[in-house]
Amino acid sequence: MASKSQTRSGLSSFPCGTRLLLNLSSPQLVFSSTRLPLFAAMVWRIETAAQSDSSAIYQLMKCLAEELGHTVTVPLSDFTTAGWPTEPTAAAPSFTVYITRGDDNSILGYCLTCLTYGWRGPVLRMEDLYITKEFRDRGVGTAFMRHLAKICETRGIPKLEWIADKTETDAVDFYRKRGGSCAAQWVVMQITGTEKLKALAETSLGPGIKLTKSD
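Caption draft 1: Focus on a nonpolar patch on the surface. A cluster of nonpolar residues, I191, L197 and L200, forms a patch on the protein surface that exposes about 270 Å² of accessible area. Along the chain, the position of L200 falls in helix α5 (residues 194–201).

Caption draft 2: Inspection of the packing of aromatic side chains at higher detail. Applying the stated criterion across every chain yields a total of five aromatic pairs. Aromatic pair Y58 and F79: ring centres 6.2 Å apart, planes at 35°, arrangement tilted. Linking Y58 in helix α1 (residues 54–67) with F79 in helix α2 (residues 76–80), this pair joins segments that are 21 residues apart in sequence. Classification of F79 by relative accessible area gives buried; the value is 6%. Here the aromatic cluster, defined as three or more aromatic residues joined through ring pairs, consists of Y58, F79 and F95.

Caption draft 3: Highlighting the nonpolar core. Counting 25 residues, the largest nonpolar core has L124, M126, L129, F144, M145, L148 and Y175 as its most contacted members. Secondary-structure elements contributing two or more residues to this core are β3 (42–48), β5 (107–118), β6 (121–131), α3 (140–155), β7 (159–164) and α4 (169–177). Examining the composition of this core, we find that seven residues originate from one element, α3, more than from any other. If we ignore the near neighbours within four places in the chain, the residues touching L148 are Y98, C111, T113, L124, M126 and L160. Counting 15 residues, the second largest nonpolar core, distinct from the first, contains W84, V97, Y110 and Y130.

Caption draft 4: Broad picture of the side chain of R125. With respect to the helices and strands, R125 occurs in strand β6. Within the structure, R125 has its side chain in polar contact with the side chain of E127 (distance 2.7 Å). A distance of 2.8 Å separates a polar atom in the side chain of R125 from a polar atom in the side chain of E161. Those residues in contact with R125, other than ones at most four positions away along the chain, are L112, T113, C114, E161 and I163.

Caption draft 5: Geometry of the pairing of β7. With six of six residues buried, β7 is to be regarded as a mostly interior element. Judged by which residues are buried, β7 turns out to be covered on both faces: K159, E161 and I163 on one side and L160, W162 and A164 on the other are all buried. Chirality of the crossover, the property in question, places the unit of β6, α3 and β7 among those that are right-handed.

Caption draft 6: Representation of the pattern of salt bridges within the structure. Enumeration over the complete set of coordinates arrives at eight salt bridges. Linking D53 and R101 is a salt bridge whose minimum nitrogen-to-oxygen distance equals 3.2 Å. Taken as a pair, D53 in the loop between β3 and α1 and R101 in strand β4 (residues 96–102) lie far apart in primary sequence, 48 residues in all. Note on accessibility: D53 and R101 belong to one class, buried.

Caption draft 7: Focus on the environment of S52. Within the fold, S52 resides in the loop between β3 and α1. On the accessibility criterion, S52 (67% relative accessible area) is exposed. With 28 residues separating them in the primary sequence, S52 and T80 have C-alpha atoms 8.2 Å apart.

Caption draft 8: Region of the structure containing the pairing of β4. Most of β4 is tucked away: seven of the seven residues are buried. Judged by which residues are buried, β4 turns out to be covered on both faces: T96, Y98, T100 and G102 on one side and V97, I99 and R101 on the other are all buried. Bridge analysis of β4 against β5 gives six bridges, and the strand direction is antiparallel. Following the sheet pairing, T96 is matched in β5 by T113. Between β4 and β5, which follow one another and run antiparallel, lie four residues, and N105 among them has a positive phi close to 75°.

Caption draft 9: Region of the structure containing unusual backbone geometry. Despite not being glycine, N105 has its phi angle at roughly 75°, a positive value. Within the element layout of this structure, N105 appears in the loop between β4 and β5. What makes N105 partly exposed here is its relative accessible area of 46%. Positive phi is not limited to glycine here, since D137 has a value of about 65°.

How each quantity is defined
Residues numbered from 1 in each chain as written. Predicted model: local features only at pLDDT ≥ 70, side-chain atom pairs only at ≥ 80, totals over all residues. Heavy atoms only, no water. Patch = residues over 30% accessible without salt bridge, like charges linked within 9 Å, V, L, I, M, F, W, Y side chains within 5 Å. Areas by Shrake-Rupley, 256 points an atom, 1.4 Å probe, with all protein chains shown as cover. Salt bridge = Lys/Arg side-chain N within 4 Å of Asp/Glu carboxyl O. Helix = DSSP H or I, 4+ residues; strand = E, 2+ residues; numbered from the N terminus. Phe/Tyr/Trp six-rings, centres within 6.5 Å; stacked < 30°, edge-to-face > 60°. Buried < 20%, exposed > 50% of the residue type's maximum accessible area, 1.4 Å probe, protein only. Core = buried A, V, L, I, M, F, W, Y, C linked by side-chain atoms within 4.5 Å. Contact = heavy atoms within 4.5 Å. Polar contact = N/O pair within 3.5 Å; in protein donor to acceptor, adjacent residues only side chain to side chain. Right-handed = clockwise from strand over helix to strand, strands pointing away. Pairing = 2+ DSSP bridges.

So this is what it looks like as structure tokens:
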């Protein structure tokens, strides 16, 4: 999954578009908000999700997909058993989900990340960022971004990366205001679907070229 979600006020990111990089600042852990008159002052916390949270997160994932006009194709059973390391480390580069939990213990949103590696060193990649509709525009998205930046800062990860739809100007503006920049020289490419992947896996290497071993 690429980073994706509903665009209002930039609380989310998207499946295709420009690559965004964050120059790290000095984030703090969170958080209270009194912005919306419809709600009393609320306090929330960001924590690392546990495998026991997978069902609730999966429902939010479905909401995200539906808002984008898509359907979640991974079964809940697969998501529940997919890895769930306590922290994203080189020894367990699966994925880590962070959640915002309200003072009533409800989950307000989630952020799914994975650790990858490139020629500049480790990269923390934000795959999904989703906030429930009733808690958008209340600083939850900013709180997630600050939390990820703090993780990068404390672990020596030089880059935080995600993908946003360049046509969603509100989202791009949101990220820019928090230090994000568009890596316009890069084109996001992907191969999606079992048939296309199978075709690539069976592609000939050329006349007379054979692999003696392929793991």
